[in-house]
Amino acid sequence: MIRYALRCERDHTFESWFQSSSAYDSQVKRKLVECPTCGSTKIEKAIMAPRIVSKKGREVAPVPAAPVPAPAQEVIPPGSTSLMMAKERELRAKLKELRDHIVKNADDVGERFPTEARKMHYGETEHRPIYGEASLDEARELIEEGIEVAPIPVLPDDRN
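Computed from a predicted model, the values in this text were never measured in an experiment.

1. What to know about the confidence of the model for the protein
And step 1. Residue-level pLDDT values for the protein average 78, and 72% of them are 70 or greater.
And step 2. Ranking the elements of the protein by mean pLDDT puts strand β5 (residues 59–60) last, at 48, and helix α3 (residues 113–121) first, at 93.
And step 3. Here residues 59–76 is a poorly scored stretch, pLDDT under 50, and it has 27 contacts once near neighbours within four places are set aside; other chains count.

2. Here we look at the nonpolar core
And step 1. I2, Y4, L6, C8, F14, F18, Y24, V28, V33, C35 and I43 together form the largest nonpolar core, which totals 11 residues.
And step 2. The greatest single-element share of this core, amounting to four residues, is contributed by strand β1 (residues 2–8).
And step 3. If sequence neighbours within four positions are ignored, C8 has contacts with F14, C35, C38, S40, K42 and I43.
And step 4. Grouped together as the second largest cluster of nonpolar side chains are nine residues, V109, A117, M120 and I147 included.

3. Quick word on the packing of aromatic side chains
And step 1. Counting across every chain of the model gives three aromatic pairs.
And step 2. Taking the centre distance of 6.0 Å and the plane angle of 45° together, the rings of Y4 and F18 count as tilted. Taken together, the positions of Y4 in strand β1 and F18 in strand β2 (residues 13–18) put the pair 14 residues apart, joining distant regions of the chain.
And step 3. A relative accessible area of 2% places F18 in the buried class.

4. Overview of the sheet that holds β1
And step 1. Judged by pairing direction, the sheet is antiparallel, and its three strands sit side by side in the order β2-β1-β3 without closing on themselves. Two strands lie at the open edges of the sheet, namely β2 and β3 (43–45), each paired on one side alone. Between one strand and the next, the sheet's axes are offset by a mean angle of 45°, whatever the strand orientation.
And step 2. Across three bridges, the pairing between β1 and β3 is antiparallel. Pairing of C8 across the sheet is with I43, part of β3.

The rules behind these values
- The residue numbering used here restarts from 1 in each chain and proceeds along that chain's sequence as written.
- The predicted nature of this model means local features are confined to residues of pLDDT at least 70 and side-chain atom pairs, given and counted, to a pLDDT of 80 or more, with totals for whole chains, interfaces and linings taken over all residues.
- Values reported for side chains reflect all heavy atoms of the structure, with hydrogen atoms and water molecules removed beforehand.
- What pLDDT conveys is the predictor's confidence in a given residue, as a value from 0 to 100.
- Helical segments are the DSSP runs of H or I of at least four residues, strand segments are the runs of E of at least two, and each set is numbered from the N terminus.
- Any pair of residues with heavy atoms lying within 4.5 Å of one another is described as a contacting pair.
- By nonpolar core is meant a set of buried Ala, Val, Leu, Ile, Met, Phe, Trp, Tyr and Cys residues that side-chain atoms within 4.5 Å join together.
- Buried means the residue's accessible area, taken with a 1.4 Å probe over protein chains only, is under 20% of the maximum for its type, while exposed means over 50%, and partly exposed covers the values in between.
- When the centres of two rings from Phe, Tyr and Trp lie within 6.5 Å, Trp using its six-membered ring, the rings pair. Their planes under 30 degrees apart give stacked, over 60 give edge-to-face, and anything left gives tilted.
- Should DSSP find at least two bridges between two strands, the strands are regarded as paired.
- Note on geometry: axes are C-alpha line fits, over the in-contact stretch for helices, and angles between N-to-C directions span 0 to 180 degrees.

Below is the structure:
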């Protein structure tokens, strides 16, 4: 799974998860990806920094990325707080569902993640869904080699 920061033609920004970069390309081409704010299907990737989870399970600082200008602030009408809270709860539920799906349908390879990802990328073993642990340096090396990696969503209430 890979998460992209996206931007629509009206400069609204949002994030979405895709099975792979080719799945993203295919869905955008078929206009299946739309801006949740305005409904536009003219979408492009925005610059983003990946987040990596360390071996101890704590989130590590993002990989530095080029600065992106902040989008114009939208005015939130009075009384919309409960709507925003409902959307946040819905988003959290979807992220939990995504994480649970990954854990249920992929092999946990633990600290062997970088090695297993390389073996699959270079054709030494059959491709299969995996998840595990990688240090920040290991994740950078994988990305530099063209191996797609993405963090599994972790929500604040999961850390208790």
